[in-house]
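Structure at a glance
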Amino acid sequence: MGMFMASVAFRPEPQRDWTVIKPQIESMFKGLEGLTDNLDSDGPGYAIVSPYGDMGMFLAELPGKISTLTGGWAVFATCCDSDFAMLELYHNGKMADKCVIGELYEEFAEFEEASAPNLEIWTQLLPEGASQELLEAAFTMNGWDATGNLQMLSKATQLPIFDDRLVFGSD
(Lines give C-alpha, C1' and ligand atoms only; values in the text may rest on other atoms or scores of the structure.)
Protein backbone atom coordinates (compact mmCIF):
# COMPACT_ATOMS: atom_id res chain seq x y z
CA MET A 1 0.00 0.00 0.00
CA GLY A 2 1.46 3.33 -1.03
CA MET A 3 1.66 6.57 0.86
CA PHE A 4 -0.23 9.72 -0.06
CA MET A 5 0.69 13.00 1.66
CA ALA A 6 1.23 16.68 0.98
CA SER A 7 3.31 19.27 2.81
CA VAL A 8 4.57 22.82 2.80
CA ALA A 9 7.98 23.08 4.47
CA PHE A 10 9.86 26.31 5.06
CA ARG A 11 12.55 28.05 7.07
CA PRO A 12 12.28 31.75 7.97
CA GLU A 13 15.26 33.92 7.20
CA PRO A 14 17.17 34.85 10.40
CA GLN A 15 16.40 38.56 10.06
CA ARG A 16 12.64 37.88 10.07
CA ASP A 17 10.82 37.94 13.42
CA TRP A 18 9.24 34.49 13.89
CA THR A 19 6.94 35.82 16.64
CA VAL A 20 5.35 38.13 14.05
CA ILE A 21 5.34 35.67 11.11
CA LYS A 22 4.02 32.62 12.98
CA PRO A 23 0.51 34.01 13.76
CA GLN A 24 0.17 35.21 10.16
CA ILE A 25 0.96 31.72 8.86
CA GLU A 26 -1.31 30.07 11.43
CA SER A 27 -4.20 32.27 10.31
CA MET A 28 -3.91 30.68 6.86
CA PHE A 29 -4.75 27.15 8.05
CA LYS A 30 -5.57 26.82 11.77
CA GLY A 31 -9.00 25.42 12.43
CA LEU A 32 -9.06 23.25 9.32
CA GLU A 33 -9.43 19.51 9.86
CA GLY A 34 -6.84 17.07 8.55
CA LEU A 35 -3.68 19.14 8.89
CA THR A 36 -0.73 18.77 11.26
CA ASP A 37 2.12 21.20 11.85
CA ASN A 38 5.21 21.82 13.93
CA LEU A 39 4.98 25.60 14.20
CA ASP A 40 5.35 25.35 17.98
CA SER A 41 8.72 23.58 17.67
CA ASP A 42 12.13 25.24 17.94
CA GLY A 43 12.65 24.88 14.18
CA PRO A 44 14.67 25.88 12.29
CA GLY A 45 12.47 24.15 9.68
CA TYR A 46 8.69 24.15 9.88
CA ALA A 47 5.94 22.33 8.00
CA ILE A 48 2.20 22.12 7.52
CA VAL A 49 1.21 18.59 6.50
CA SER A 50 -1.79 16.79 5.10
CA PRO A 51 -0.95 13.21 6.24
CA TYR A 52 -3.32 11.63 3.70
CA GLY A 53 -2.76 14.19 0.95
CA ASP A 54 -6.45 15.08 0.83
CA MET A 55 -5.72 18.73 1.66
CA GLY A 56 -3.02 19.02 -1.00
CA MET A 57 -4.99 21.42 -3.19
CA PHE A 58 -5.43 23.74 -0.20
CA LEU A 59 -1.74 23.50 0.76
CA ALA A 60 -0.72 24.26 -2.85
CA GLU A 61 -1.97 27.83 -2.27
CA LEU A 62 0.38 28.46 0.68
CA PRO A 63 4.07 28.15 -0.30
CA GLY A 64 4.24 31.37 -2.31
CA LYS A 65 2.56 33.33 0.48
CA ILE A 66 4.71 31.72 3.17
CA SER A 67 7.96 32.29 1.30
CA THR A 68 7.00 35.96 0.95
CA LEU A 69 6.39 36.27 4.71
CA THR A 70 9.56 34.40 5.68
CA GLY A 71 11.76 36.06 3.05
CA GLY A 72 13.12 32.64 2.16
CA TRP A 73 12.40 29.26 0.66
CA ALA A 74 9.28 27.11 0.84
CA VAL A 75 8.79 23.62 -0.62
CA PHE A 76 5.41 22.21 -1.58
CA ALA A 77 5.50 18.40 -1.90
CA THR A 78 2.80 15.96 -2.94
CA CYS A 79 3.51 12.23 -2.71
CA CYS A 80 1.26 9.98 -4.81
CA ASP A 81 0.99 6.33 -3.76
CA SER A 82 4.72 6.38 -2.86
CA ASP A 83 5.48 6.08 -6.59
CA PHE A 84 6.26 9.71 -7.31
CA ALA A 85 6.37 13.11 -5.67
CA MET A 86 5.71 16.45 -7.28
CA LEU A 87 7.74 19.32 -5.84
CA GLU A 88 7.43 23.07 -6.16
CA LEU A 89 10.15 25.30 -4.77
CA TYR A 90 9.39 28.95 -3.97
CA HIS A 91 11.66 31.82 -3.02
CA ASN A 92 10.33 35.21 -1.88
CA GLY A 93 6.88 34.44 -3.28
CA LYS A 94 7.97 33.23 -6.72
CA MET A 95 8.19 29.67 -8.00
CA ALA A 96 11.86 28.84 -8.56
CA ASP A 97 11.52 25.20 -9.69
CA LYS A 98 8.90 22.54 -10.31
CA CYS A 99 9.97 18.92 -10.63
CA VAL A 100 9.10 15.27 -10.10
CA ILE A 101 10.84 12.51 -8.17
CA GLY A 102 9.99 9.00 -9.33
CA GLU A 103 7.81 7.79 -12.17
CA LEU A 104 4.94 10.18 -12.95
CA TYR A 105 1.70 8.31 -13.70
CA GLU A 106 0.65 8.52 -17.33
CA GLU A 107 -2.72 10.09 -16.45
CA PHE A 108 -0.92 12.89 -14.56
CA ALA A 109 1.61 13.40 -17.35
CA GLU A 110 -1.17 14.90 -19.50
CA PHE A 111 -1.42 17.97 -17.27
CA GLU A 112 1.76 17.89 -15.14
CA GLU A 113 5.20 18.42 -16.55
CA ALA A 114 7.67 15.77 -15.40
CA SER A 115 10.89 17.73 -15.37
CA ALA A 116 14.04 16.90 -13.44
CA PRO A 117 15.02 19.18 -10.56
CA ASN A 118 17.34 22.09 -11.21
CA LEU A 119 20.09 21.18 -8.74
CA GLU A 120 21.70 24.60 -9.05
CA ILE A 121 18.54 26.12 -7.57
CA TRP A 122 17.91 23.37 -4.97
CA THR A 123 21.50 23.66 -3.71
CA GLN A 124 20.59 27.11 -2.39
CA LEU A 125 18.35 25.42 0.21
CA LEU A 126 21.26 23.62 1.81
CA PRO A 127 22.26 24.93 5.22
CA GLU A 128 25.92 25.72 5.75
CA GLY A 129 28.00 22.53 5.85
CA ALA A 130 25.21 20.32 4.42
CA SER A 131 25.94 17.56 1.94
CA GLN A 132 25.55 18.34 -1.75
CA GLU A 133 25.86 14.58 -2.40
CA LEU A 134 22.88 13.80 -0.16
CA LEU A 135 20.80 16.38 -2.02
CA GLU A 136 21.75 14.85 -5.37
CA ALA A 137 20.99 11.34 -4.08
CA ALA A 138 17.55 12.47 -2.91
CA PHE A 139 16.69 13.31 -6.51
CA THR A 140 18.41 10.38 -8.23
CA MET A 141 18.27 7.37 -5.90
CA ASN A 142 16.73 4.41 -7.73
CA GLY A 143 15.03 1.55 -5.95
CA TRP A 144 13.56 3.77 -3.26
CA ASP A 145 9.98 4.76 -3.19
CA ALA A 146 9.26 8.47 -3.38
CA THR A 147 8.76 8.72 0.40
CA GLY A 148 12.35 7.58 0.91
CA ASN A 149 13.53 10.25 -1.48
CA LEU A 150 11.48 12.88 0.36
CA GLN A 151 12.94 11.77 3.69
CA MET A 152 16.44 12.06 2.22
CA LEU A 153 15.59 15.51 0.82
CA SER A 154 14.37 16.51 4.29
CA LYS A 155 17.64 15.40 5.82
CA ALA A 156 19.73 17.21 3.20
CA THR A 157 17.84 20.52 3.44
CA GLN A 158 16.93 20.27 7.13
CA LEU A 159 13.35 21.11 6.14
CA PRO A 160 10.59 18.73 7.35
CA ILE A 161 9.29 18.02 3.83
CA PHE A 162 8.51 14.45 4.94
CA ASP A 163 8.65 14.13 8.71
CA ASP A 164 7.41 10.86 10.28
CA ARG A 165 6.00 12.67 13.32
CA LEU A 166 3.89 14.98 11.18
CA VAL A 167 2.83 12.34 8.66
CA PHE A 168 2.29 9.34 10.96
CA GLY A 169 1.81 11.10 14.30
CA SER A 170 4.76 9.25 15.83
CA ASP A 171 8.50 9.51 16.45
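Relevant structure appears above.
Criteria and thresholds
- Residues numbered from 1 in each chain as written.
- Predicted model: local features only at pLDDT ≥ 70, side-chain atom pairs only at ≥ 80, totals over all residues.
- Heavy atoms only, no water.
- Helix = DSSP H or I, 4+ residues; strand = E, 2+ residues; numbered from the N terminus.
- Rg over C-alpha atoms; globule rule 2.2 N^0.38 Å.
- Buried < 20%, exposed > 50% of the residue type's maximum accessible area, 1.4 Å probe, protein only.
- Contact = heavy atoms within 4.5 Å.
- Areas by Shrake-Rupley, 256 points an atom, 1.4 Å probe, with all protein chains shown as cover.
- Lys, Arg positive; Asp, Glu negative; His and termini not counted.
- Charge placed at Lys NZ, Arg CZ, Asp CG, Glu CD.
- Phe/Tyr/Trp six-rings, centres within 6.5 Å; stacked < 30°, edge-to-face > 60°.
- Core = buried A, V, L, I, M, F, W, Y, C linked by side-chain atoms within 4.5 Å.
- Salt bridge = Lys/Arg side-chain N within 4 Å of Asp/Glu carboxyl O.

Right, let's talk about the overall build of the protein for a bit. Each helix and strand counted, the protein has eight helices and six strands in total. Secondary structure elements of the protein, listed N to C terminal, follow the sequence β-α-β-β-α-α-β-β-β-α-α-α-α-α. For 171 residues, the compact-globule formula gives about 16 Å, and the C-alpha radius of gyration of the protein, at 15 Å, lands near that figure. Overall, the protein is about 40 × 35 × 35 Å in size when its C-alpha atoms are taken along their principal axes. Counting every position in the protein, which comprises 171 residues, the buried fraction comes to 50%. Long-range pairs, those at least 24 residues apart, make up 53% of the contacts in the protein with a sequence separation of at least 6. A total accessible area of about 8800 Å² is found for the protein, and carbon and sulfur atoms account for 50% of it. Taken as two groups, the 9 positive and 27 negative side-chain charges of the protein have centres that lie 10 Å from each other.

What follows covers the packing of aromatic side chains. Here the structure, examined in full by the defined rule, presents five aromatic pairs. Taking the centre distance of 4.2 Å and the plane angle of 15 degrees together, the rings of Trp-18 and Tyr-46 count as stacked. Of this pair, Trp-18 sits in helix 1 (residues 18-29) while Tyr-46 sits in strand 3 (residues 46-50), placing them 28 residues apart in sequence. By relative accessible area, which is 18% here, Trp-18 ends up buried.

Another point: unusual backbone geometry. Here the amide bond leading from Gly-43 into Pro-44 is cis, since omega sits at 5 degrees, within 30 degrees of zero. Note on placement: Pro-44 falls in the loop between strand 2 (36-37) and strand 3. Despite not being glycine, Asn-92 shows a phi value in the positive range, around 50 degrees. One can find Asn-92 in the loop between strand 5 (84-91) and strand 6 (94-102). On the basis of relative accessible area, Asn-92 is assigned to the partly exposed category, the value being 39%.

So, on to the nonpolar core. Counting residues in each nonpolar core, the largest one holds 32 residues, and the members touching the most others are Leu-87, Trp-122 and Leu-150. Counting residues per element, this core draws most heavily on helix 7 (residues 146-157), which supplies five residues. In this structure Leu-150 touches Met-5, Ala-77, Cys-79, Ala-85, Leu-87, Ile-101, Ile-161 and Phe-162, once residues within four positions along its chain are discounted.

Note on placement: Glu-26 falls in helix 1. The buried charged residue Glu-26 lacks any salt bridge, with Lys-22 as its nearest oppositely charged partner at 4.1 Å. Here Glu-26 is in contact with Leu-39 and Asp-40, once residues within four sequence places are set aside.

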